[in-house]
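Observations on the model geometry
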Amino acid sequence: MLVRTARLFPFIISHHLHPSRTHSAGHGFRWSAAAASRGVRFMETEVPASNPPAASAEDSADGTGQSATISTGDQEKMPSVGLLPGETVVKEGKAAILFPSANEVFYNPVQEFNRDLTCAVITEFARELLAQRGVKVVVPGEQERVVVSLSEETNEAEAQTEEKNGSEEPAVTAAAGERCERGLRVLEGLAASGLRSVRFALEVPGLQSVTANDFSAKAAALIARNAQYNGVSHLLQASCRDASMLMYDMRAKKDRYDVIDLDPYGSPASFLDAAVQSVSEGGLLCITCTDMAVMAGNSGETCYSKYGSVSIKAKYCHEMALRIILHSLDQRAGVYQRYIQPLLSVSVDFYIRVFVRVFTGQATVKNSASKQALVYNCVGCGAFHLQRMGRRTSNGKHMKYSAATGPPVGPECEHCGQRHQLGGPIWAESIHDLEFVQKVLSAVLGNPCRFGTSKRIEGVLSMVTEELEDVPLYYTVDNLSSTMHCNTPSLLQFRSALLHAGHRVSLSHACKNAIKTDAPPAAIWDIMRCWVNFTGEKEKLFFVILNTACFTVREDANPQSRKRHLTRFQENPQAFWGPKARAKAGGGISADLQDKRKKFQNKRKNQITDSSQLKTFPCKKFKQGTCTHGDECCYFHDSEQTNEQKTE
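Along each chain, the written sequence defines residue order, and numbers are assigned to residues from 1. Residues qualify for local features only when their pLDDT is at least 70, as the model is predicted, and side-chain atom pairs are given and counted only at 80 or more; totals for whole chains, interfaces and linings, by contrast, use all residues. The side-chain quantities take in all heavy atoms of the structure and omit both hydrogens and water.

Worth spelling out the cut-off: UniProt positions are given in the numbering used here, feature names are shortened, and annotations may be inferred rather than shown by experiment.
Identification of the protein chain as tRNA (guanine(26)-N(2))-dimethyltransferase from Maylandia zebra is taken from an unreviewed UniProt entry. The record in UniProt for the protein chain states the following under Catalytic activity (unreviewed entry): "guanosine(26) in tRNA + 2 S-adenosyl-L-methionine = N(2)-dimethylguanosine(26) in tRNA + 2 S-adenosyl-L-homocysteine + 2 H(+)". Annotation of the protein chain in UniProt includes, under Sequence similarities (unreviewed entry), the sentence "Belongs to the class I-like SAM-binding methyltransferase superfamily. Trm1 family."

Written out as structure tokens, the structure reads:
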């Protein structure tokens with residue numbers, strides 16, 4: 001057992017064999033005897049009697065690969081953690097992570113925005129939840145809370161509410177890096193290098209414990225070393241178990257986690273059932289999906305098998321992906337008489353990220369059917385209609401539930417005569433809690449130096465606050481123009497036309513040229529026909545203009561996030577910045593990844609630049625006997641070889 005342990009976690013054995021490197025009481029990693037008896041490798045840290053303050057990235061790394069000294073009440077010192085051969089130090093936020101050069105443990109630097117946003121959301125969630133427990137969270141560098149309003153007028157009522165709330169300060173405070181007895185219990189189910197968990201321990205105040213789990217033994221060993229290296233062993237526990245089984249074991253009410261973060265390589269579908277059961281009442285689920293090809297319509301049947309919803313190829317596929325994962329979460333939670341409340345849902349880059357709270361309530365669960373909808377999408381013009389799965393009507397103090405009536409469309413599209421595709425069901429309610437988003441945005445603006453991607457967080461959240469809450473999905477101006485075969489109107493002109501017609505309109509954070517509006521498809525196509533007439537392209541106008549549209553640009557057509565030129569969408573941070581290769585135990589994958597991509601980039605290794613070189617390739621049509629070019633064909637005709645093939 002000792003030999004096997006040394007092979008999996010050599011640093012642990014070295015600490016036990018060398019007295020000079022042994023841990024002080026309460027800071028050592030040990031094997032769980034119960035887990036070892038079950039054949040499960042599990043590491044856990046002992047919580048010290050006194051809570052030593054955590055060190056920042058600058059304090060924990062002294063440039064030589066050794067962790068800095070952490071002073072406690074009795075002047076104890078944390079054991080030094082040296083770099084192993086091939087390891088490098090990766091710094092992000094306040095964390096400094098030991099990372100192997102080979103691809104043995106997964107790490108993607110482009111996901112820094114994801115991790116920054118998660119830290120900001122959990123901080124505000126902790127501020128909200130711990131205030132009910134009489135604890136005030138303290139964030140270093142945070143200024144006085146300001147009310148963020150993207151409109152030009154100041155909301156005095158909200159400002160007075162903030163002042164009132166600020167006057168009643170709890171007696172107990174919780175700072176980042178310190179263990180709070182009444183704090184949150186956090187689980188990162190798929191931690192890899194442990195970067196996200198270390199950042200939680202260093203940057204998020206009001207935490208009782210952070211469990212960083214990974215099924216890979218090498219990843220779990222790296223997590224434990226990173227916890228020591230950053231001086232957060234009193235908060236962070238490293239675990240080496242199957243994530244689903246770990247969450248299933250914590251389903252009891254007293255054992256549930258307050259926050260569960262799942263960021264898998266690909267689909268999180270296999271972990272959702274365990275997650276909705278093991279999160280506490282009103283707890284927070286943070287879910288990342290990177291299988292966008294499946295959720296964006298490339299494999300609708302695969303999407304149904306994983307999430308219980310059929311994805312379709314449409315311009316609004318990125319927002320539909322958000323609504324598919326919310327539908328899947330609500331459906332799985334409903335099995336256990338639980339329901340979800342989305343706080344924030346963002347679709348950025350090559351992944352989507354949702355933050356939802358989970359509650360228990362049999363009466364509220366009955367509303368689930370009326371919150372889901374099927375999508376009828378026209379394959380010709382792209383017009384879409386939503387069909388709710390259930391109907392809910394108020395009958396005094398009671399609520400009446402019945403089956404929905406439909407469908408909302410005929411056999412053919414009334415605008416172009418094409419057929420409809422059927423997708424969904426999807427979540428048809430709001431995907432954001434604007435009040436909560438405003439709080440996160442206020443905190444980011446009040447402490448802009450806290451995150452490296454603060455400007456982008458500000459831009460994305462500003463767009464989220466401007467989106468129409470009750471309008472699912474969106475149109476894109478370029479697709480509307482492509483259907484009409486006309487020039488594309490500017491966003492301001494098209495938005496102004498909708499506003500002049502009395503409709504509400506907004507942009508979407510999921511797509512640069514998206515238009516979210518409550519206008520029916522008939523009104524949208526009327527505006528597009530008027531645009532064709534307005535631009536003088538009357539020869540392309542095949543329909544009768546029912547109404548006239550005004551394209552004079554209005555002042556309120558340009559949202560504040562666009563006026564202020566906020567960073568709303570991701571710019572390419574580096575070459576090949578998309579999804580990375582899956583981590584493997586042997587490592588060495590990342591070095592050959594680009595060569596592998598180049599090898600299969602084209603069908604021929606040597607590109608043909610001169611048409612005369614095509615004579616070296618046989619003519620496929622000649623072999624089939626259908627080539628009519630004869631000797632003028634640019635490909636090679638081999639009659640003897642063709643006759644031999646026919647004879648065989």
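Text resumes after the structure shown.
What to know about the confidence of the model for the protein chain
The criterion, for reference: Within a predicted model, pLDDT stands for the predictor's per-residue confidence, ranging from 0 to 100. Runs of E in the DSSP output that reach at least two residues are strands. Runs of H or I that reach at least four are helices, and both are numbered from the N terminus. By definition in these notes, contact holds between two residues if any of their heavy atoms fall within 4.5 Å.
Averaged over the protein chain, the pLDDT score is 79; the fraction of residues at 70 or greater is 72%. Within the protein chain, strand 1 (residues 29-31) has the poorest average pLDDT of any element, 33, and strand 10 (residues 257-262) the best, 97. Predicted confidence is poor over residues 644-648, with pLDDT under 50, and the contacts of this stretch with residues over four places away or in other chains come to two contacts.

Regarding the sheet that holds strand 20 (residues 505-508)
Where we set the bar: Strands are labelled as partners when DSSP assigns at least two bridges between them.
Ordered by their spatial adjacency, three strands build an open sheet running 19-21-20, and the pairing between neighbours is antiparallel. With partners counted over all chains shown, the strands left at the sheet margins are strand 19 (475-476) and strand 20, one partner each. Looking at chain direction, strand 20 and strand 21 (residues 511-517) are connected through three bridges and run antiparallel. If you follow Ser506 over to strand 21, its bridge partner there is Lys516.

Regarding helix 10 (residues 269-278)
Operational definition: Per-residue accessibility, obtained with a 1.4 Å probe over protein chains only, is compared with the maximum for each type, and a residue is labelled buried under 20%, exposed over 50%, and partly exposed between these values.
Of all the 10 residues making up helix 10, eight are buried; the element is thus mostly covered by neighbouring parts of the structure. Within the sequence span of helix 10, burial applies to Ala269, Phe271, Leu272, Ala274, Ala275, Val276, Gln277 and Ser278.

Some thoughts on the nonpolar core
Rules: For our purposes a nonpolar core is just a set of buried Ala, Val, Leu, Ile, Met, Phe, Trp, Tyr and Cys residues, chained together by side-chain atoms within 4.5 Å.
Among the nonpolar cores identified, the biggest contains 79 residues, and Leu285, Tyr316, Ile325, Leu329 and Phe494 are the most heavily contacted of them. If we ignore the near neighbours within four places in the chain, the residues touching Leu329 are Leu272, Val276, Leu285, Ile287, Ile340, Val354 and Val356. By size, the runner-up hydrophobic cluster in this structure holds 40 residues, among which are Val135, Val186, Leu207 and Phe436.

Regarding the packing of aromatic side chains
Selection rule: Ring pairs shown here join Phe, Tyr and Trp side chains whose ring centres sit within 6.5 Å, with only the six-membered ring taken for Trp; geometry is labelled stacked below 30 degrees between planes, edge-to-face above 60, and tilted in between.
In the structure shown here, the tally under the stated rule is seven aromatic pairs. With centroids separated by 5.8 Å and ring planes inclined at 25°, the aromatic side chains of Tyr339 and Phe359 adopt a geometry described as stacked. Of the two residues, Tyr339 is situated in strand 12 (residues 338-348) and Phe359 in strand 13 (residues 351-360); the sequence distance between them amounts to 20 residues. With respect to class, Tyr339 is no different from Phe359; both count as buried. Taken together, a centroid distance of 5.3 Å and an interplanar angle of 35° make the contact between Phe534 and Phe551 tilted. Residue Phe534 is located in helix 20 (residues 521-534), and its partner Phe551 is located in the loop between helix 20 and helix 21 (560-563); the two are separated by 17 residues in the primary sequence. By relative accessible area, which is 7% here, Phe551 ends up buried.

Here's the deal with the packing of helix 12 (residues 300-307) against helix 13 (residues 317-334)
For the record, the criterion: Fitted lines through C-alpha atoms serve as axes, helices being fitted only where they are in contact, and the angles separating the N-to-C directions of these axes extend from 0 to 180 degrees. In what follows, roughly perpendicular refers to angles from 65 to 115 degrees, roughly parallel to angles under 35, roughly antiparallel to angles over 145, and oblique to any angle outside these ranges. In this count, Pro and Cys sit with the nonpolar residues alongside Ala, Val, Leu, Ile, Met, Phe, Trp and Tyr, while Asp, Glu, Lys and Arg are called charged and the others, Gly among them, polar.
Here helix 12 crosses helix 13 at 30°, and the two axes come no closer than 10 Å. With respect to helix 13, the axis of helix 12 lies roughly parallel. Taken together, the residues of helix 13 that come into contact with helix 12 (itself represented by Cys303, Lys306 and Tyr307) are Ile324, Ile325, His327, Ser328, Gln331 and Arg332. Within the contact of helix 12 with helix 13, the residues separate by chemical class into four nonpolar, three polar and two charged.

Thoughts on the pairing of strand 8 (residues 207-213)
Our working rule: A crossover gets the label right-handed when its path from the first strand over the helix to the second runs clockwise, viewed with the strands pointing away from the viewer.
In terms of burial, strand 8 is largely enclosed, as seven of its seven residues are buried. Two strands pair when backbone bridges link them, and strand 7 (residues 179-188) and strand 8 are joined in this way by six bridges, in the parallel orientation. When the bridges of strand 8 are listed, Leu187 appears paired with Thr211. Crossover connection from strand 7 via helix 7 (residues 195-203) to parallel strand 8: handedness right-handed. Bridge analysis of strand 8 against strand 9 (residues 236-239) gives four bridges, and the strand direction is parallel. Bridged to Thr211 within strand 9 is Gln237. Once you follow strand 8 into helix 8 (residues 217-229) and on to strand 9, the crossover reads as right-handed.

A short note on the pattern of salt bridges
Note the threshold: The term salt bridge refers to a pairing of a side-chain nitrogen on Lys or Arg with a carboxyl oxygen on Asp or Glu at a separation within 4 Å.
Tallying each qualifying case throughout the model produces 25 salt bridges. Residues Arg199 and Glu92 are paired through a salt bridge, measuring 2.9 Å at the closest nitrogen-oxygen approach. Here Glu92 lies in strand 3 (residues 87-92) and Arg199 lies in helix 7, a separation of 107 residues in the sequence. Judged on exposure class, the residue Arg199 and its partner Glu92 are both buried. A salt bridge links Asp261 to Arg353, with the shortest nitrogen-to-oxygen separation between them at 2.5 Å. A residue pair is termed long-range when its members are at least 10 positions apart, and Asp261 in strand 10 and Arg353 in strand 13 qualify at 92 residues.

Focus: the environment of Ser239
Note the threshold: Polar contact is defined as a pair of N or O atoms within 3.5 Å, subject to the rule that within protein one atom must be able to donate a hydrogen and the other to accept it, and that residues adjacent in sequence are counted only when both atoms are side-chain atoms.
Secondary-structure assignment places Ser239 in strand 9. Expressed as a C-alpha distance, the spacing of Ser239 and Ile223, which sit 16 residues apart in the sequence, is 8.6 Å. Separated by 2.8 Å, the side chains of Ser239 and Asn213 make a polar contact.

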